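# Fold and contact review
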Amino acid sequence: MPIYKKKYLLLLLLSLFGWGTVHAQSLGSQPDPVQYIVAPETPGPNQFVHIEVEGVGTFLGNATVTWQKDGKTVASGTGLTRYSFTTGGIGSNTRITVVVTSTTHGTITRDFVFAPSLVNLIWEAQTTVPQPYMGKALYSAGSAVSVVAFPTIFLQGTKVPNNKLSFQWSSGGNAVPDQSGLGKNVFSFVGDQLKNGETVAVDVYVGSVKVGRSELYIPATAPKIVLYTYDPLRGLMFDSALVNAANLGGKEVTLQAEPYYFAASSRQKGALAFNWTLNGEETTGPDSARGFLTLRQTGSGAGAAQVAVAVQNTESDKFIQVAETGLILAFGQQAGSFLSTFFGI
């Protein structure tokens, strides 16, 4: 959403972070002759701000425009309709006063009070990751995700608590009124499986005055499958993922296909379908539908087998969530030599 070219009518709107005051002479019932463009409309700390005065007709070209910052005149001249400055730190206030003096419209004064704010947005996807996984559960298209706003808003030197702030959420540029309102700093939704990502924004208000804004883009990540060895005594061996090739070692091995970044709700419903193949042929086992496959070597000798697994989310609104992986499983006394030959080492 553009932050430039946002106009504020002289007599109708309050200033961005405080209360604007307007004084006009000789206006009568005529339309408001002055408009203001402020960018960005809700600046953060130590941020560059641009203010421009626009007038109806040509009177501004001959008018004297005086700019004051915190009560001190910083610029004045005929037709001086633009001014820029840098805000202070969090908790500070900067007052900008614009005085327009003309022979046709008298004196028009406008005050802006800027109180820099910060609104940090943190998102959390409801997708599958192993329980001991220390990383972030990434968002996949069609999954549920929550966004939390952490605002730092000061007015008149006092931090405004969340329950005094109104959070107006939007997703993909569309307002979401049912999740917006006083103290509602959490926004939850289910993404569109046909999009490569989701855009979420929030405007923060004190009363009718906008005091902060933040926007973020949540990219969609393709789900994936990682294979691990399951040990009867120690459980899943999460510290050693199986990639490309592995040595059977003994006569039997149990593999676990662990889905990453699939919709967690789908896994809870049993909507993740596991399809195992051995040397290109479909294979099953007692727990293969849950992602486990136990393989046993029959007979003696050495060799290798190709094991693969594909996982499909069977829910119609999440059907795009699919992943597959595989590896070469070597067995027999010469398995180590076979892996070395296979990789050319």
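Below or above, wherever it landed, is the structure these notes cover. (Residues numbered from 1 in each chain as written. Predicted model: local features only at pLDDT ≥ 70, side-chain atom pairs only at ≥ 80, totals over all residues. Heavy atoms only, no water.)

### Points about the pattern of salt bridges
Operational definition: Salt bridge, as used here: a side-chain nitrogen of Lys or Arg that lies within 4 Å of a carboxyl oxygen of Asp or Glu. Secondary structure elements follow DSSP: runs of H or I no shorter than four residues count as helices, runs of E no shorter than two count as strands, and numbering proceeds from the N terminus. Think of it in three bands: with a 1.4 Å probe and only protein chains considered, a residue is buried below 20% of the maximum accessible area for its type, exposed above 50%, and partly exposed in between.
By the definition in use, this model includes 11 salt bridges. Ionic pairing is found between Asp 203 and Arg 213, a salt bridge with its closest N-O pair at 2.8 Å. Taken together, the residues span a long stretch of sequence, with Asp 203 in strand E18 (residues 197–206) and Arg 213 in strand E19 (residues 209–219) at a distance of 10 residues. Note on accessibility: Asp 203 and Arg 213 belong to one class, buried. Each member of the salt-bridge network shares a partner with another, and the members are Glu 41, Asp 203, Lys 210, Arg 213 and Glu 215.

### What about the sheet that holds strand E26 (residues 292–296)?
Put simply, the rule is: By the convention used here, strands pair only if DSSP detects at least 2 bridges between them.
The four strands lie next to each other as E21-E20-E23-E26, forming an open sheet whose pairing is antiparallel. The open sheet has two free edges, formed respectively by strand E21 (235–236) and E26, since each of these has just one partner strand. Here two bridges tie strand E20 (residues 224–231) to E21, and the two strands are oriented antiparallel to one another. The partner of Tyr 230 across the bridge, within E21, is Leu 236.

### Here we look at the sheet that holds strand E11 (residues 144–152)
How we decide: The axes are straight lines fitted to the C-alpha atoms, using for helices just the contacting stretch, and the angles between their N-to-C directions are given from 0 to 180°.
Sheet architecture is open: three strands sit in the order E10-E11-E17, paired in antiparallel fashion. In this open sheet, the two strands that pair with only one neighbour each are strand E10 (118–125) and strand E17 (186–190). On average, each strand axis in the sheet is tilted by 20 degrees relative to the strand beside it, whichever way the strands run. Here five bridges tie E11 to E17, and the two strands are oriented antiparallel to one another. Following the sheet pairing, Ser 146 is matched in E17 by Ser 188.

### Some remarks on the packing of aromatic side chains
The way to describe two aromatic rings as a pair is by their centre distance and the angle between their planes. Stated precisely, the cut-off is as follows: Aromatic rings from Phe, Tyr and Trp, with only the six-membered ring used for Trp, were paired whenever their centres fell within 6.5 Å, and each pair was classed as stacked if the ring planes differed by under 30 degrees, edge-to-face if by over 60, and tilted otherwise. Comment: the charge-over-ring label is applied if NZ (Lys) or CZ (Arg) is within 6 Å of the ring centre and within 35 degrees of the ring normal.
Tallied over the full model, the rule gives 10 aromatic pairs. An angle of 25 degrees between the planes, with centres 5.4 Å apart, marks the rings of Trp 67 and Tyr 83 as stacked. Of this pair, Trp 67 sits in strand E5 (residues 64–69) while Tyr 83 sits in strand E7 (residues 82–86), placing them 16 residues apart in sequence. In this pair, the class of Trp 67 matches that of Tyr 83, namely buried. Three or more aromatic residues joined by ring pairs form one cluster here, namely Tyr 36, Trp 67, Tyr 83, Phe 85, Phe 112 and Phe 114. The ring of Trp 123 is capped by Lys 136, whose NZ or CZ atom sits 4.1 Å from the centre of that ring. One cation-aromatic arrangement involves Lys 224 over Tyr 260; the distance from NZ or CZ to the ring centre is 5.5 Å.

### Details of the side chain of Ser 146
So the rule is basically this: The contact criterion used throughout is that any non-hydrogen atoms of two residues lie within 4.5 Å.
Position of Ser 146 relative to the elements: it lies in strand E11. The contacts of Ser 146, once residues within four sequence positions are left out, are Ile 122, Trp 123, Glu 124, Gln 126, Phe 187 and Ser 188.

### A few points about the environment of Lys 251
In this structure, Lys 251 sits in the loop between strand E22 (244–247) and strand E23 (252–260). Owing to a relative accessible area of 48%, Lys 251 belongs among the partly exposed residues under this scheme. Placed 45 residues apart in sequence, Lys 251 and Arg 296 show a C-alpha to C-alpha distance of 5.6 Å.

### Remarks on the pairing of strand E28 (residues 322–331)
Bridge analysis of E22 against E28 gives four bridges, and the strand direction is parallel. From the neighbouring strand, Asn 247 faces E28, where its bridge partner is Ala 330. For strand E27 (residues 303–313) and E28, the ladder comprises 10 bridges, and the chain directions are antiparallel. Looking across to E28, one finds that Ala 305 is bridged to Leu 329.

### Quick notes on the nonpolar core
Quick reminder of the rule: Throughout, nonpolar core names a set of buried Ala, Val, Leu, Ile, Met, Phe, Trp, Tyr and Cys residues whose side chains join them through atoms within 4.5 Å.
Ranked by internal contacts, the top residues of the largest apolar core, which has 25 residues, are Leu 121, Trp 123, Val 147, Trp 169, Val 200, Val 202 and Ile 218. Elements with a contribution of two residues or more to this core: E10, E11, strand E14 (166–171), E17, E18 and E19. Trp 67, Val 98, Ile 108 and Phe 114 belong to the second-largest nonpolar core, a separate cluster that totals 20 residues.

### Overview of the side chain of His 105
Put simply, the rule is: Residues adjacent in sequence count toward polar contacts only when both atoms are side-chain atoms; beyond that, a polar contact is any pair of N or O atoms within 3.5 Å, and within protein one must be able to donate a hydrogen and the other to accept it.
Secondary-structure assignment places His 105 in the loop between strand E8 (94–102) and strand E9 (106–114). For His 105, the side chain forms a polar contact with the side chain of Thr 104, separated by 2.8 Å.

### A closer look at the environment of Asn 62
Mapped onto the secondary structure, Asn 62 falls in the loop between strand E4 (48–55) and E5. According to the relative accessible area criterion, Asn 62 is exposed, its value standing at 68%. Separated by 41 residues in sequence, Asn 62 and Thr 103 have C-alpha atoms that sit 8.6 Å apart.

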